[in-house]
Amino acid sequence: MALRLINSAVLRQLASQLPKSAQVGSVAAVHTLDKIGKREIVGYGWNGTACYADRVDYPLPAVRFREPTNEINALRAKEQGDWKKLSAQEIKALYRASFCQTIAEVQAGSGEWKLHLGIALLFSAAAIWVAVLMNLFVYDELPVTFDEEHQKAQLQRIIDLEMNPVTGLTSKWDYENKKWKN
């Protein structure tokens, strides 16, 4: 019962916030009209909603980029006639009223990759410094068994014990001539 009362109160609150021109059952209409303001809806758009987005794969947005002004309305009226009478500046003004960027501007790189590369290099440099400092101050010295003399003694012991003589290291040792096989 309490849930129904809360639900009806929320619905009344939402209904009071709806603009008078919007359909009551259309939530998308409420949000779309608030966002686009007085801009003209000129098409379907890339996702079916009245929104503006500069995209290379869908170059025709659903709404114009700017709201109409007196200057733009005068140019649109002039546009209905002969286009040869329009100057280059007027054509550019009409274009910029409908679109924010040209296709070339949309396709141009933003240079954001430089920031990502710089951050990656900073983290790499920090990791190298941490590794160097760990080697200097944290880790102990290598054990004596890493010396060349100890490694030779260990190899001689492996040969003397004939460890893994079929496929291992000692299979390459010639026990009769006391040297490595070719």
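First, a word on scope: everything that follows refers to the structure included in this document. (Residues numbered from 1 in each chain as written. Predicted model: local features only at pLDDT ≥ 70, side-chain atom pairs only at ≥ 80, totals over all residues. Heavy atoms only, no water.)

**Focus on the overall build of the protein**
Then comes step 1: The helix and strand inventory of the protein stands at seven helices and two strands.
Then comes step 2: Listed by position from the N terminus, the elements making up the protein come as α-α-α-α-α-α-α-β-β.
Then comes step 3: Out of the 182 residues in the protein, the part that is buried amounts to 16%.
Then comes step 4: Sequence-distant contacts in the protein: of pairs separated by 6 or more residues, those separated by 24 or more amount to 33%.
Then comes step 5: Looking at the protein as shown, the accessible area adds up to about 15100 Å², and 60% of this sits on carbon and sulfur atoms. (Helix = DSSP H or I, 4+ residues; strand = E, 2+ residues; numbered from the N terminus. Buried < 20%, exposed > 50% of the residue type's maximum accessible area, 1.4 Å probe, protein only. Contact = heavy atoms within 4.5 Å. Areas by Shrake-Rupley, 256 points an atom, 1.4 Å probe, with all protein chains shown as cover.)

**With respect to helix 7 (residues 148–160)**
Then comes step 1: Taking 1.5 Å of rise per residue, 13 residues should cover 18 Å, and helix 7 covers 18 Å from first to last C-alpha, within 8% of that figure.
Then comes step 2: Positive phi appears at Glu162, one or two residues downstream of helix 7, with a value of about 55 degrees. (Expected span 1.5 Å × (residues − 1).)

**A word on the side chain of Ser98**
Then comes step 1: Its location among the elements puts Ser98 in helix 4 (residues 88–98).
Then comes step 2: Given the relative accessible area of 10%, Ser98 is considered buried.
Then comes step 3: A distance of 2.7 Å separates a polar atom in the side chain of Ser98 from a polar atom in the side chain of Arg64.
Then comes step 4: Discounting residues that sit within four places of it in the chain, Ser98 has contacts with Tyr52, Val63, Arg64, Phe65 and Arg76. (Polar contact = N/O pair within 3.5 Å; in protein donor to acceptor, adjacent residues only side chain to side chain.)

**Describing the nonpolar core**
Then comes step 1: In terms of nonpolar packing, the biggest core is built from five residues, these being Ile36, Ala50, Tyr52, Val63 and Phe99.
Then comes step 2: Beyond its immediate stretch of four places on either side in the chain, Phe99 contacts Tyr52, Pro59, Leu60, Pro61 and Phe65. (Core = buried A, V, L, I, M, F, W, Y, C linked by side-chain atoms within 4.5 Å.)

Purely geometric numbers; function is a separate question.
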